Structure formats: structure tokens, C-alpha cells
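The residues making up each chain are set out below.
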Amino acid sequence: MSSIIQLLPDHVANQIAAGEVVQRPASVVKELLENAVDAKATDIKLIIKDAGKSLIQVIDNGVGMSVTDARLCFERHATSKIRQAEDLFSLYTKGFRGEALASIAAIAHVEMKTKQDQEELGVHIVIEGSKFVSQEPAVVPNGTSFAIKNLFFNIPARRNFLKSETVEQRHIVDEFQRVAMAHPNIHFTMYHNGSEMFNLPISNYRQRIVTIFSGKTNEKLVPVKEETDIVNLHGFIGKPEFAKKNRGEQFFFVNNRFIKSGYLHHAIMAAYEGLLKDGAQPSYFLYLDVPPHTIDINIHPTKTEIKFDDEHALYAILRSAVKHSLGQFNVAPLLDFDRDPNLDTPYQYQNKEAEYPTIQVDRSYNPFAEDKPNPSFRSGSYKKTEVQPNWESLYVGLKQTGQEIAEMTFENEAVTSSLFDETETEQEVRRTYQIHKKYIVSPIKSGMVIINQKRAHERVLYESFLTNMTVHQAASQQLLFPLPLYFSPAEITLIKELQPALESTGFLFETVHQDHILVSGLPVNVSESEVSIVLEELLSAMQDEIPNQSFSQNDTIAKSMAKSLAIKTGTYLSEKEQENLVHNLFACKEPNVSPFQKPTFITMSVEDLDKKFSL
């Protein structure tokens, strides 16, 4: 039998490797930005068109490359970061695999311009699908410029699997923010479709975070700092009252590299124990500096997973440092067993200023006077008690004779009788009952129906919102004063896209600024205190997936708002509210399931009940 194993051609191997390294346009952005940081750049520009599908360009003023390096950098496993395997445990750079540029060049049109400071001319290289098209000298500024065009042009299946432009743009913004937060000593700029999204000047860590996540973030941050032999920890955590439903503002950086770690996240949640509402997620921006030989980064091509030598010690240090900061800045209550509670100032008098006591003097008082009035009585206040007449005197002079009563006439009994016969009146019977503040039971002809009140209300609200968005405009209640809500620039961009759909549900926006919006009107069933929660949960749901079809986008908005506004399990409902919910549910088009395809009610027949009692 002939041999069947053969070596793959380089361009095929590069395309296979690209599937691991380049999953979407955001992966290209991450690799190019990290290369620019490794090149010691102080100014990095990111230019995006069509969410990276048409163009991804990164321009830096770093050290640049020589002609030989410029050609060699596109070969597989070609890198300037390491020389031998031991170097993996002393890494101070972002990249080290030597796979990124080769993978990107295999699935896109790449144009690179680079020049070193000491050279007079740079080099201009064009590559299309791993094939070198041209290489020539060029007059270019110091540094390197990578332009990635037509991503996945030779892998149409991968291009078809990309999400909508809004979702891909969101992933690009996430990668940009992660690199920018790790390096506040670099000036970052980002442009999307010709408009500037971010302009982050050189600053410190706190200013960089505030610039990215809007000005209101500053008042939320509590500093954290701890230095040990194992780790040097610094950064910021969010105050518990500003916790959100989503995990969009949670960042760990190890040696200025963004990582994801459920274990370290659990340490943060343990420090916040007892301070957060159910389901709330705190914000944190924490930077951990550890010796490079104590971590292993070479686990996954995305480099977001790290193995630590001593995870348990790291967990304990992180938990105690966060807890200490929460207590030090009076965010968390402290227990003082030596304190005397009797000396505490009552709550209602805490901010009240002290008042001088008023003194009253009776200047007419003479202790040597002979006639001393009784101090317990004031002049004119004493009155002589009159003897009240006996109750029998009320009936004096009345004659009670049977003759007078007999002569009195009354109306005919038929006239004063009820208009309806007593046999026709039927006592009102209660039709619904609430069990454990979770289920509503209503009798039907064949038995009874048991309704989950939360899911039923979700279905009612969902169809109501969907009808308002697709059929007719919803009613809106005007606010006396516009309500300001602060969001990050990426969330503001998403709100602008969703604005027409939100206005059809009843929201009215007075203005939409770069870091906040002014809400001037709300849907009828949304209270002012619920607005921020509804919009945060909506943005969280929309950032995961937004299909291109308008109906699907409206469907996602209706589902998210119905989930946020539905009555929660444990809410007491009056009899009228129960009946109203039951009637509204069975007036829906699909009352059987909630918007998330879960059953809203079950029926139990009399036969089923009989079987339960059968011996």
C-alpha cells in the first residue's frame, strides 16, 4: 500500500493556523495593537471601516523594521521576542509565538509600510493570501503602518459566520479598550468609518479609565494598593451602589496583559459579600505585577488564560486588599465592639445644627408675697363643675300611649321591597388565588389552571412592546425634568442605533451626548427609578447579538424590556391584579409560552386530582 501522509503546503498550513489566531476582525486589532506596543510606540492610531471587514489599519511611531525584518516577519514562527524555550518564562512582551502576521497575511490583503529612525528610506510590502505581490523602497515616516483589507476574502465560509457590523464593532472596541487601559503612557486614537470614536491622551491609570468609561466613572472608583513578594497589586474597584447587572466593567491585567480568570473573580465577589444586591456585578480595574517566571502564558493562542504558581495565595491577597479598601474608604460598614451605642448621634439629628436653649422668666413672681397662687392653675383656667342632669330627665314630658302608635300609617310593604328577588342575587365568588407569591391558581370547567406570574407578565409585556414597535406608536409619559444617564462611548453608539426602536416603545430622548443622554419621556409602565436598570440590561442583551433584520432587533428589545419590567417572584398581587393578569395572558397570541420559550401555565383536571387521592 502506498504512503498517504504528506506535508501541507505553507499557504494551507497558514490558513489552518489562522483559524485559531484570527477568529474575527477584533483578533486582528488585538494582534496589531500589541505589536505596536512591543515596538515601543508612544502614539498609536487605529482606523476601522465596516467593522473591520473592509479595512483595519494600525499606525504607530515605534522603532520600525529593517528591509530584511519586514520580509521575514510574515513567515511562520518568525519572531524577535524569544530565542529559546526558556525565554517563555521571562516574557516582558505581548507577542512571542510568531504566528499572528503569517496567519493574517494568509486570509487577507496586507499592505505594510515601515521605516527605522536611522534609515533614509523605508519599505512598502504588499501581500495577498500569503503571496508577495510587491516589495519596494518608499518614503514613509518612522514607525510601522499595517493595513489589513478584505479579511477572509479567500475563506467565504468564515466571512459568512461573522456577526452584524454592530456586534463586530463592539468586539473591536473591547480589544482597543483593553490595550489602552493597560498602557496609559501611550496616546491612542480610534476612528470608525471616518469619525473619531476615542482620543486618549497620555495620562495615569485613573484618568485613562475615566476617559474611556465617561466622566461619571470618577466618583465610582475606590483605589486599591497592596505590595507583597508574590504580587504588586494596584488599581480601582467600584462602589457597591454603582454595581450593574452585566460584567462589562471587570478587568484583570497581569503584567499589563488583559486576562480572564473565574478564580480571581470569585475572590472579588467574596470581598463584596453582603454589599451587593442579588445578581449585581461590581466594577473593577485591577493591575497585577508578578514575576514572569511564576506564570505560564503559553496556554491558548489568544493569551487571555494564565496559569499561576500559587493561585491560593493570590486569591487571599486579592480578597483581603479589596475588602481593606472597601472598609478604609467607608464603603463597607465596620464592626467596633468597644463602641458605646448610647453615645451615637440619632440618625435624624446627624446633620442638624445645635440650637441655644430658650429661657423663660416670670418677672411678676414674688416669693415674699402673702397670697401665693397655686402654680398648677392659671388665672381664668379653673371653672366650677356643674352638676349634670340625670338621663331620665331627657324623657320628661313625653307621652307614650298605644293609641297614637296605632293611628300612624305606613307605606305599603310592596313599595319598599327590593327591586330584585333575593333568589336571583348571587354572591360574588373569588376566581383566582395566589400561592407563595409565585403562582396564580384559577378554576376552570375541567379542573384548574396554575399560572407562573413572572412568565405570564413577561408574555403580556413582550407582545405589548412588540405591537407598539411594529404596529403603532406607544404612549409616553413626559418627565418634568429630563433625566441624565451616563454611559460609555461604545454604549452611546449603540443607543443611537436603537433610538428609533426605543422611541416607538415610549422612550423620548431630548439629547444624546458623547458620554450621557437626557431622557425626557418614559413608557407608561416604566417608573423613573427603573430607567437605568432597563437600559443597562437592554444594552447588555443587544451587545451579544443584533441581527440585521429590523424585526429581529425589535424582538430582542421587546424581550429584554419584558424581562426587566415583569413582576418578580415574591411580589404580592391583589385579587384584581391577579384577574387582570390572567385575562391579559389569555388575550395574547401565544399565551402558552413566555418570550423565552418556557411554559407560562399548566392545567390540572379533576381526573388528575382524583388520581392523587386514589388508594
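Use the structure listed above.
S.K.: Please explain the pattern of salt bridges as it appears in this structure.
M.R.: Any two side chains of opposite charge can pair if their charged atoms end up close together. For the structure shown, the criterion picks out ten salt bridges. The residue Arg24 makes a salt bridge to Glu168 at a minimum N-O spacing of 3.1 Å. Taken together, the residues span a long stretch of sequence, with Arg24 in the loop between α1 (10-21) and α2 (25-38) and Glu168 in helix α6 (residues 165-182) at a distance of 144 residues. Accessibility expressed as a relative area gives 22% for Arg24, which makes it partly exposed.

S.K.: What's the story with the pairing of strand β11 (residues 250-254) in this structure? I'm lost.
M.R.: Working note: regular strand, side chains alternate between the two faces of the sheet. Among the five residues that make up β11, five are buried, leaving the element largely enclosed by the rest of the structure. Side chains of β11 alternate between two faces, with Gln250, Phe252 and Val254 and Phe251 and Phe253 buried alike. Bridging between β11 and strand β13 (residues 284-289) involves five bridges; their strand directions are parallel. Counted as the bridge partner of Gln250 is Tyr284 from β13. Note that β11 and strand β12 (residues 257-259) share three bridges and pair antiparallel.

S.K.: What should I look at first to understand unusual backbone geometry in this one?
M.R.: Trans is the prevailing form of peptide bonds, just as negative phi is the prevailing case for residues other than glycine. Residues other than glycine seldom take positive phi values, yet Asn150 does so here, at roughly 50°. Examined against the element boundaries, Asn150 turns out to sit in the loop between β6 (143-149) and α5 (156-160). Look at Asn150 and you get partly exposed, because its relative accessible area is 33%.

S.K.: How should the sheet that holds strand β5 (residues 131-138) be read in this particular structure?
M.R.: Sheet strands line up and pair through hydrogen bonds in the backbone, either parallel or antiparallel. Across the sheet, which stays open at both edges, the eight strands sit in the order β5-β4-β3-β6-β2-β1-β7-β8 with mixed pairing between neighbours. Since the sheet does not close on itself, it has two edges, and those belong to β5 and β8 (195-200), each with one partner. Direction aside, neighbouring strands of the sheet carry axes that sit 10° apart on average. In this structure, strand β3 (residues 109-115) lies alongside β6, joined through seven bridges in antiparallel fashion. Looking at β6, one finds that Glu111 is bridged to Ala147. The sheet contacts of helix α7 (residues 205-212) involve β7 (187-192) and β8, and relative to β8 the element is tilted by about 160°.

Calculation rules
- Residues numbered from 1 in each chain as written.
- Predicted model: local features only at pLDDT ≥ 70, side-chain atom pairs only at ≥ 80, totals over all residues.
- Heavy atoms only, no water.
- Salt bridge = Lys/Arg side-chain N within 4 Å of Asp/Glu carboxyl O.
- Helix = DSSP H or I, 4+ residues; strand = E, 2+ residues; numbered from the N terminus.
- Buried < 20%, exposed > 50% of the residue type's maximum accessible area, 1.4 Å probe, protein only.
- Pairing = 2+ DSSP bridges.
- Axes fitted to C-alpha atoms, helices over the stretch in contact; angles between N-to-C directions.
- Contact = heavy atoms within 4.5 Å.

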